[in-house]
Amino acid sequence: MELMASVLAKLVQDLSIKRVFLTGHSLGGYVTLAFADLYPNLLSGYCLLHSHPFEDDKEKIEKRNY
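Keep in mind the model is a prediction, meaning the values are calculated, not measured.

A. Region of interest: the packing of helix H1 (residues 2-14) against helix H2 (residues 27-38). Closest axis-to-axis distance for the H1/H2 pair is 8 Å, and the angle between their directions is 65°. Taken together, the axis directions place H1 and H2 in an arrangement best described as roughly perpendicular. Here H1 and H2 pass one another in a crossing that is right-handed. The segment H1 lies against H2, with Glu-2, Met-4, Ala-5, Leu-8 and Ala-9 engaging Val-31, Ala-34, Phe-35 and Leu-38. Taken together, the residues of the contact of H1 with H2 break down into 8 nonpolar, no polar and 1 charged.

Pasting the structure below:
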């Protein structure tokens, strides 16, 4: 997630965009939260759609990684 957030931050900076509003859908929500954590100065706000800010339980992590 951190790698994808850093790629997105680089794109935002390369395009000379000062701040962005991100909408993270499903797995994109994890990227959005990583972006918010790592690059808060580039973020004006965010929306999570079919995602949530809570840590997944062990079963969900295993299912996602399978």
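So that's the structure; there's more coming.
B. Region of interest: the side chain of Ser-51. Tracing the chain through its elements places Ser-51 in the loop between strand S2 (43-49) and helix H3 (58-65). Engagement of the side chain of Ser-51 in a polar contact is seen with the backbone oxygen of Ser-26, the distance being 3.2 Å. Sequence-distant contacts of Ser-51, that is, excluding residues within four places in its chain, are made with Gly-24, Ser-26, Gly-29 and Tyr-30.

Procedures and definitions
- Residues numbered from 1 in each chain as written.
- Predicted model: local features only at pLDDT ≥ 70, side-chain atom pairs only at ≥ 80, totals over all residues.
- Heavy atoms only, no water.
- Axes fitted to C-alpha atoms, helices over the stretch in contact; angles between N-to-C directions.
- Helix = DSSP H or I, 4+ residues; strand = E, 2+ residues; numbered from the N terminus.
- Parallel < 35°, antiparallel > 145°, perpendicular 65-115°, else oblique.
- Left-handed = near helix turned anticlockwise from the far one by under 90°.
- Contact = heavy atoms within 4.5 Å.
- Nonpolar A, V, L, I, M, F, W, Y, C, P; charged D, E, K, R; others polar.
- Polar contact = N/O pair within 3.5 Å; in protein donor to acceptor, adjacent residues only side chain to side chain.

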